[in-house]
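# Examining the three-dimensional arrangement
Take a look at the letters that make up each chain.
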Amino acid sequence: MFRPQIQKTSTLFFIALFNVFMVFLAVKSETKIKRLGFDDKVQASKKMNQYLLALNKKIEFEKSEIDLYQTGLIGLNNSSITTIQDYDSSMVRSKLLTTHPNFAAMFVEFFYDAELNRGDTIAVSMTGSFPGANLALLSACETMGIVPVIMSSAGSSAWGANREEFSWPIIESFLLDEKIIKQKSISYSMGGDNDNGDNLSDKGVELLESVIPNNVIFINELSLLDNIELKLDLFKKMSANYSIYVNIGGGASSLGSGDDKDTLQVGLINMLDIEDLEFDGFEESIAYNFLTKESIPMLNIKNIIKLIPENYKKDFLNGDMAIGKGSLFYKYDSYNPVVILICLFLSIALIVSVGVFSHFQIKRRMETHEVDSVI
């Protein structure tokens, strides 16, 4: 018995199965959208990558096995210029996450969240503990036209810029001499306990003193409070209109003394958050002064594991992550109109094709005057 294609069970089953598959594709489709500041994020990441390539090309050093991105910015667990050792390997991951060029895009995101504009001036406290974060900030500032007033401490905790031949003053001086970066620290202090290197050996202090540039202010007062007061005076002399205060690391002058600063909120901190931030030693810090007396918000770059959102963290811990790729640069919304339209078109096209083919089958059958009925 003659049956056109459209009436065959196998054909109807295939059409139904195909349409179900098209619905599945449409439901699972996503729209890839560039995040806010995408162009600046890509440019900042590229700049940081240029800094890293220059360091790898010009300065010879033995790369660490734990240096996932092979940047050379992961130092040692201990050295004569190490302020804090890592006794439980808790510091390694934090230091590592800041060394990928895409970490510069994190600063761009924070700057956008803080509504910074080209030409704005920011106050910055850096340490040698996070050389990757330092370079990331410089990259973001140059990309967005932000003017940083930087004060650095020369010492470093474990896994930072704590090689005696590759400390933060050496890194910064090299990049400046090669005209790779444009901004530099206006002052240096020792870092470590009381910001005076009290927990460093005499050898470590002498090494750091020997590499601190002569054309910057060396802050080495008798006490932590004296160091803080001098740094605040310098910040005020450089600008009376800071848009934000950025802390990188756990410098004693920046966040205060003691271990409680490790519990401090990370990321952007506003004046309204100050009641939840107070702890022993914090009131005697540069950060507290900016937040309370100057009413200037703070960006706290510390405790990187907590700072980086989980969806970004997965990207950073992928050693093959490319510059400008990942969820830091793109977000995905449910449903893709293009995919939905294509699926709809294919479904309709299949039904129409089977229908047209069946029509011609019936027509040919009738023209041949077959005895069998057309069903």
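Above this text sits the structure in question.
In this section: the overall build of the protein. Counting its regular elements, the protein contains 13 helices and 9 strands. The globule rule puts the C-alpha radius of gyration for 375 residues at 21 Å, and the 30 Å found for the protein is more than 25% above it. When its C-alpha atoms are laid out on the principal axes, the protein stretches across 115 × 45 × 40 Å. With 375 residues in all, the protein has 51% of them scored as buried. Look at the contacts in the protein between residues 6 or more apart in sequence, and 81% of them connect residues 24 or more apart. When the accessible surface of the protein is totalled, it reaches about 18600 Å², and 53% of it is carbon and sulfur.

Bringing a negative patch on the surface into the picture now. Side chains of E221, D226, E229 and D233 sit close together on the surface and give a patch of like negative charge. Position of E221 among the secondary structure elements: in the loop between β5 (217–219) and α8 (224–238). The partly exposed category is assigned to E221, whose relative accessible area is 35%.

Considered as a void within the structure, the largest pocket measures approximately 750 Å³ in volume. Among the residues forming the lining of the largest pocket, the class breakdown is 6 nonpolar, 19 polar and 6 charged.

With that settled, consider the side chain of D40. In this fold, D40 is placed in helix α2 (residues 38–58). Buried and unpaired, D40 has no salt bridge, with R118 as the nearest side chain of opposite charge at 5.5 Å. Among the polar contacts made by the side chain of D40, one reaches the side chain of Y112 at a distance of 2.7 Å. Apart from residues lying up to four places away in sequence, D40 is in contact with V108, Y112, T143 and M144.

Another aspect to go through is the packing of aromatic side chains. All told, the structure shown has 11 aromatic pairs when counted by the stated rule. A ring pair is formed by F38 and Y330, whose centres lie 5.1 Å apart and whose planes are at 55°; its orientation type is tilted. Here F38 is found in helix α2, whereas its partner Y330 is found in strand β9 (residues 330–334), with 292 residues between them in sequence. Of the two residues examined, F38 and Y330, each falls in the buried class. For the pair F235 and F290, a centre-to-centre distance of 5.7 Å together with 80° between the ring planes defines the contact as edge-to-face. Highlighted residues: F235 in helix α8 and F290 in helix α10 (residues 286–293), separated in sequence by 55 residues. When its relative accessible area of 1% is taken as the criterion, F235 is described as buried. An aromatic cluster of at least three residues, connected via ring pairs, comprises F235, Y242, Y245 and F290.

Turning our attention to α2. Because the α-helix completes a turn every 3.6 residues, residues three or four places apart line up on one side. Under the 1.5 Å per step criterion, the end-to-end length of α2 is 31 Å for 21 residues, consistent within 8% with the ideal 30 Å. Residues of α2 that are buried: F38, D40, K41, V42, A44, S45, K47, M48, Y51, L52, A54 and L55. On its buried side, α2 packs onto β1 (30–34), α4 (103–113), α5 (131–144), α6 (168–177) and β9.

Our focus in this paragraph is the sheet that holds strand β4 (residues 185–189). Paired through their backbone hydrogen bonds, the strands of a sheet run either parallel or antiparallel. Within the open sheet, the 7 strands sit side by side as β5-β4-β3-β2-β6-β8-β7. Their pairing is mixed. Of all strands in the sheet, those with a lone pairing partner are β5 and β7 (267–269), marking the two edges. In this sheet, neighbouring strand axes are inclined to one another by 20° on average, regardless of whether the strands run parallel or antiparallel. As defined by bridge partners, β4 adjoins β5 across 3 bridges and the pair is classed as parallel. Its bridge partner lying in β5, Y188 is registered against F218. Docked against the sheet, α10 engages β2 (121–127), β6 (242–248), β7 and β8 (298–301), running at close to 155° with respect to β6.

Here we take up empty space enclosed by the protein. The final tally for this structure, using the stated rule, is 2 cavities of 30 Å³ or more. Counted as a void, the largest cavity has a volume near 60 Å³. If you trace the largest cavity, you find it lined by S125, M126, T127, M151, S152, S153, S189, D195, K231, G251, S253 and S254. Split into classes, the residues belonging to the lining of the largest cavity amount to 2 nonpolar, 8 polar and 2 charged. As a volume, the second largest cavity reaches approximately 30 Å³.

What follows covers the pairing of β8. A two-sided burial pattern is seen for β8, the buried positions comprising M298 and N300 on one face and L299 and I301 on the other. Pairing geometry for β6 and β8, over 4 bridges, is parallel. Bridging from a neighbouring strand, N247 pairs with N300 of β8. By the bridge criterion, 3 bridges tie β7 to β8 in an arrangement that is antiparallel. In the strand pairing of β8, L268 is matched with L299.

The grouping of L341, L344, I348, V352, V356 and F360 at the surface amounts to a nonpolar patch, some 550 Å² of accessible area in total. Within the element layout of this structure, F360 appears in helix α13 (residues 337–367).

With that settled, the discussion passes to the packing of α5 against α6. Direction vectors running N to C along α5 and α6 enclose 30°, while the axes themselves pass 11 Å from each other. In terms of orientation, α5 lies roughly parallel with respect to α6. Of the two elements, α5 crosses α6, and the hand of that crossing is right-handed. Where α5 abuts α6, its residues P131, N134 and L135 lie against W168, I171 and L175. Of the residues in the contact of α5 with α6, the class split is 5 nonpolar, 1 polar and no charged.

So, how was this worked out
- Residues numbered from 1 in each chain as written.
- Predicted model: local features only at pLDDT ≥ 70, side-chain atom pairs only at ≥ 80, totals over all residues.
- Heavy atoms only, no water.
- Helix = DSSP H or I, 4+ residues; strand = E, 2+ residues; numbered from the N terminus.
- Rg over C-alpha atoms; globule rule 2.2 N^0.38 Å.
- Buried < 20%, exposed > 50% of the residue type's maximum accessible area, 1.4 Å probe, protein only.
- Contact = heavy atoms within 4.5 Å.
- Areas by Shrake-Rupley, 256 points an atom, 1.4 Å probe, with all protein chains shown as cover.
- Patch = residues over 30% accessible without salt bridge, like charges linked within 9 Å, V, L, I, M, F, W, Y side chains within 5 Å.
- Salt bridge = Lys/Arg side-chain N within 4 Å of Asp/Glu carboxyl O.
- Lys, Arg positive; Asp, Glu negative; His and termini not counted.
- Charge placed at Lys NZ, Arg CZ, Asp CG, Glu CD.
- 1 Å grid on protein atoms, 1.4 Å probe; cavity = no way out; pocket = protein on both sides within 12 Å on 5 of 7 lines; lining within 4 Å.
- Points joined across faces, edges and corners; volume = space filled by probe spheres on them.
- Nonpolar A, V, L, I, M, F, W, Y, C, P; charged D, E, K, R; others polar.
- Polar contact = N/O pair within 3.5 Å; in protein donor to acceptor, adjacent residues only side chain to side chain.
- Phe/Tyr/Trp six-rings, centres within 6.5 Å; stacked < 30°, edge-to-face > 60°.
- Expected span 1.5 Å × (residues − 1).
- Pairing = 2+ DSSP bridges.
- Axes fitted to C-alpha atoms, helices over the stretch in contact; angles between N-to-C directions.
- Parallel < 35°, antiparallel > 145°, perpendicular 65-115°, else oblique.
- Left-handed = near helix turned anticlockwise from the far one by under 90°.

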